[in-house]
Amino acid sequence: MATEPNEPKSRYLHYLEVVTGPLEDKKRFRQYRARVKRLPGHYRVAAEALERYLMHFGPADGSGAMQMYDDLAELLERSAADGTPIRDVFGQDPVEFVEAFMANYPLGQYRRRERRRFTDAIARAAGEEPASSRGDDLS
């Protein structure tokens, strides 16, 4: 079912990706999950907890999210190989760590749209012109 890079996708693959998202991202996510599964126990628990947090609050979607997960796997693989304690990786405030980690990745389309919608609604409620109609970038 895979196509060569320059080969056009079949109609079936095109429609499938419209519904489910890019197949390459799904393959990358399965590879990420396999990497996490190979981590030592406490690193795996930390990775799964961080992944769960990112699924709810993460800024990225699609390939942006996959880059974030790949980087997470690499960070934990290196930490495990070096024997770095979990607290040395995440610090005493794991939320502070994850917020700093997420700041390195672009907002996903959904979050960007909802942020813009929220900001515009507050501007309208305050009797101001919404930022999106002024052309301001709210990413």
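Residues numbered from 1 in each chain as written. Predicted model: local features only at pLDDT ≥ 70, side-chain atom pairs only at ≥ 80, totals over all residues. Heavy atoms only, no water.

What follows concerns the layout of surface pockets. It is the rolling of a water-molecule-sized probe over the atoms that shows where space remains empty. When its volume is computed, the second largest pocket comes out at roughly 210 Å³. Going through the elements one at a time, helix H3 (41-57), helix H4 (63-82) and helix H7 (109-125) are the ones with two or more residues in the lining of the second largest pocket. If one sorts the elements of the lining of the second largest pocket by residue count, H4 sits on top with 4 residues. Along the lines of polarity and charge, the residues of the lining of the second largest pocket split into 10 nonpolar, 3 polar and 2 charged. (1 Å grid on protein atoms, 1.4 Å probe; cavity = no way out; pocket = protein on both sides within 12 Å on 5 of 7 lines; lining within 4 Å. Points joined across faces, edges and corners; volume = space filled by probe spheres on them. Helix = DSSP H or I, 4+ residues; strand = E, 2+ residues; numbered from the N terminus. Nonpolar A, V, L, I, M, F, W, Y, C, P; charged D, E, K, R; others polar.)

So, about helix H6 (residues 94-102). For H6, every residue scored as buried is listed here: Phe97, Val98, Phe101 and Met102. The arc that holds the buried residues of H6, viewed along the axis, is 125°, so those residues lie on one side. Where H6 is buried, its residues contact H3, H4 and helix H5 (86-90). (Buried < 20%, exposed > 50% of the residue type's maximum accessible area, 1.4 Å probe, protein only. Arc of directions from axis to C-beta. Contact = heavy atoms within 4.5 Å.)

Ranked by internal contacts, the top residues of the largest apolar core, which has 23 residues, are Leu54, Leu72 and Leu76. Breaking this core down by element, the ones donating at least two residues are helix H2 (23-37), H3, H4, H5 and H6. When sequence neighbours within four positions are dropped, the list of residues in contact with Leu54 reads Met68, Tyr69, Leu72, Val98, Phe101 and Met102. (Core = buried A, V, L, I, M, F, W, Y, C linked by side-chain atoms within 4.5 Å.)

Between H3 and H4, whose axes approach to 11 Å, the crossing angle comes to 160°. Of the possible angle classes, the one that applies to H3 and H4 is roughly antiparallel. You can see that H3 and H4 cross each other, and the crossing is right-handed. Where H3 abuts H4, its residues Tyr43, Ala47, Leu50, Glu51, Leu54 and Met55 lie against Met68, Tyr69, Leu72, Leu76, Ser79 and Ala80. Of the residues contributing to the contact of H3 with H4, the split by class is 10 nonpolar, 1 polar and 1 charged. (Axes fitted to C-alpha atoms, helices over the stretch in contact; angles between N-to-C directions. Parallel < 35°, antiparallel > 145°, perpendicular 65-115°, else oblique. Left-handed = near helix turned anticlockwise from the far one by under 90°.)

One rule of thumb: low pLDDT means the predicted coordinates there are not for detailed reading. Chain-level statistics for the chain give a pLDDT mean of 82 and a share of 80% at 70 or above. Ranking the elements of the chain by mean pLDDT puts helix H1 (residues 11-20) last with 62 and H5 first with 95. (pLDDT = per-residue confidence, 0-100.)

A separate point is the environment of Arg33. Mapped onto the fold, Arg33 is located in helix H2. Between the C-alpha atom of Arg33 and that of Tyr69, which follows or precedes it by 36 residues, the distance is 9.1 Å. Only 2.6 Å separates the side chain of Arg33 from the side chain of Glu51, close enough to count as a polar contact. (Polar contact = N/O pair within 3.5 Å; in protein donor to acceptor, adjacent residues only side chain to side chain.)

All told, the structure shown has 6 salt bridges when counted by the stated rule. A salt bridge links Arg35 to Glu77; its shortest N-O distance comes to 2.6 Å. Taken together, the positions of Arg35 in helix H2 and Glu77 in helix H4 put the pair 42 residues apart, joining distant regions of the chain. You can call Arg35 buried: its relative accessible area is 19%. In this structure, the salt-bridge partner of Arg78 is Glu74, at a minimum N-O distance of 2.8 Å. Here Glu74 and Arg78 lie together in helix H4, a separation of 4 residues that amounts to about one turn. Given a relative accessible area of 53%, Arg78 falls into the exposed group. (Salt bridge = Lys/Arg side-chain N within 4 Å of Asp/Glu carboxyl O.)

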